[in-house]
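# Structural features, examined
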Amino acid sequence: MAEANIIPLDNVDPVLVEELLDRAFEPERKQRTAYKVREGMDWLPALSFAALDEQDRLTGTIQCWPVGLTDGEGRAHPMIMVGPVAVLPEEQMRGFGQALMAASLGGLMPEAPLPQVMIGDPEYYGRFWDFTNAHTQGWTLPGPVDPARVLVRCANPAVLPREGALGPWRR
Ligand SMILES: CC(C)(COP(=O)(O)OP(=O)(O)OC[C@H]1O[C@@H](n2cnc3c(N)ncnc32)[C@H](O)[C@@H]1OP(=O)(O)O)[C@@H](O)C(=O)NCCC(=O)NCCS
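First, a word on scope: everything that follows refers to the structure included in this document. (Residues numbered from 1 in each chain as written. Predicted model: local features only at pLDDT ≥ 70, side-chain atom pairs only at ≥ 80, totals over all residues.)

### Quick word on the pairing of strand β4 (residues 76-87)
Within β4, 9 of the 12 residues are buried, leaving the element largely enclosed by the surrounding structure. Here strand β3 (residues 58-70) pairs with β4 via 10 bridges, running antiparallel. Residue Cys64 lies in a different strand from β4, and its bridge partner there is Val82. Counted between consecutive antiparallel strands, the loop separating β3 from β4 contains 5 residues, among which Gly74 sits at a positive phi close to 85°. The pairing of β4 with strand β5 (residues 116-119) spans 2 bridges and is parallel. Within the sheet, the bridge partner assigned to Ile80 lies in β5 and is Gln116. (Buried ≥ 20, exposed ≤ 12 C-beta atoms within 10 Å, placed from the backbone. Helix = DSSP H or I, 4+ residues; strand = E, 2+ residues; numbered from the N terminus. Pairing = 2+ DSSP bridges.)

### Looking at the environment of Ile119
When you line up the elements, Ile119 lands in strand β5. A sequence separation of 26 residues divides Ile119 from Val145, and the C-alpha atoms of the two residues are 8.3 Å apart. Once residues lying within four places of it in the same chain are set aside, the contact partners of Ile119 are Thr33, Ala34, Gly83, Val145, Arg149 and Val150. (Contact = placed C-beta atoms within 7 Å.)

### Topic: the pairing of strand β2 (residues 49-52)
Where strand β1 (residues 5-8) lies against β2, 4 bridges are found, and the strand directions are antiparallel. Considered in β2, the bridge of Pro8 is made with Phe49. Bridge count for β2 against β3 is 4 bridges, and the pairing is antiparallel. The residue of β3 that forms the bridge with Ala50 is Thr61. Hairpin remark: β2 followed by β3, antiparallel, with 5 residues in the connecting loop; positive phi at Asp56, about 65°.

### A word on the site of the ligand
Around the ligand, the structure places 18 residues, and the nearest of them are Gly83, Gln92, Gly97, Gln98 and Tyr124. Only β4, α3 (96-106) and α4 (122-129) provide two or more residues apiece to the shell around the ligand. The leading source of residues in the shell around the ligand is β4, at 5 residues. (Near = placed C-beta within 6 Å.)

### Concerning unusual backbone geometry
Here the bond from Gly83 into Pro84 is cis, since omega is 5°, no more than 30 degrees from zero. Relative to the helices and strands, Pro84 resides in strand β4. Positive phi values are uncommon outside glycine, yet Met93 reaches one of about 70°. A count of 9 C-beta atoms within 10 Å places Met93 in the exposed class. Residues other than glycine seldom take positive phi values, yet Asp130 does so here, at roughly 65°.

### Comments concerning the nonpolar core
Grouped together as the largest cluster of nonpolar side chains are 22 residues, with contacts concentrated most on Val67, Met81, Val117, Met118 and Leu151. Only α2 (33-37), β3, β4, β5 and β7 (150-153) provide two or more residues apiece to this core. Apart from the residues lying within four places of it in its own chain, the contact partners of Leu151 are Val117, Met118, Gly120, Pro122, Tyr125, Phe131, Thr132, Asn133 and Thr136. Within the second largest apolar cluster, 15 residues are counted, among which are Leu9, Ala86, Phe96 and Ala103. (Core = buried A, V, L, I, M, F, W, Y, C linked by C-beta atoms within 7 Å.)

### Points about the environment of Met109
Tracing the backbone shows Met109 in the loop between α3 and β5. Sequence separation between Met109 and Asp22 is 87 residues, and the spatial gap between their C-alpha atoms is 31 Å.

### What about α3?
Taken as a whole, α3 has its buried residues at Phe96, Gly97, Ala99, Leu100, Met101, Ala103 and Ser104. Of the surrounding elements, those touching the buried residues of α3 are β1, β2, β3, β4 and α4.

As structure tokens, this is what we get:
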């Protein structure tokens, strides 16, 4: 495991963050459904971080966003969208992804955390942080998505609507 130095994403030049995301994801990354879910939102500074390596080089980032699940009665349930989580290809498998996730999830209000949602590999996010696709199968997203990759993490899944539309947060 590398010694990850985790700092607020606010402290990093946004141009460098974009360059890192371009390297971690395919060139069409902005067409991804995940981008549409949070369209128009700003990332949440208190829950978004960067990882620096031993030489203080930018190695990974995580961003979180305000989103909502609108249920059948038109009520919006606030949630936090986690991601993208990105680690430079040559620095993967050294613990940076886990360190970034730990920083974001550790920043949630312990007494009343909002449910966290993400689109990602259930094997990775389920294994380390108990994200699951078990409660999301009645949810729709604003674009194509593999339902197995729509994940949620919630202390009390009974509060989650069984059906709803996930999108940017609107009051
Ligand atoms: C997914 C990602 C963030 C993981 O970060 P990382 O720093 O490489 O992973 P870590 O070092 O924290 O964790 C390594 C462990 O997780 C496992 N793991 C890593 N990525 C995995 C995946 N996609 N699916 C299942 N397991 C995975 C590894 O096998 C390893 O397990 P081990 O310790 O038993 O060997 C990183 O690979 C990445 O940026 N990928 C490209 C962008 C992406 O797909 N992001 C996720 C969607 S938002």
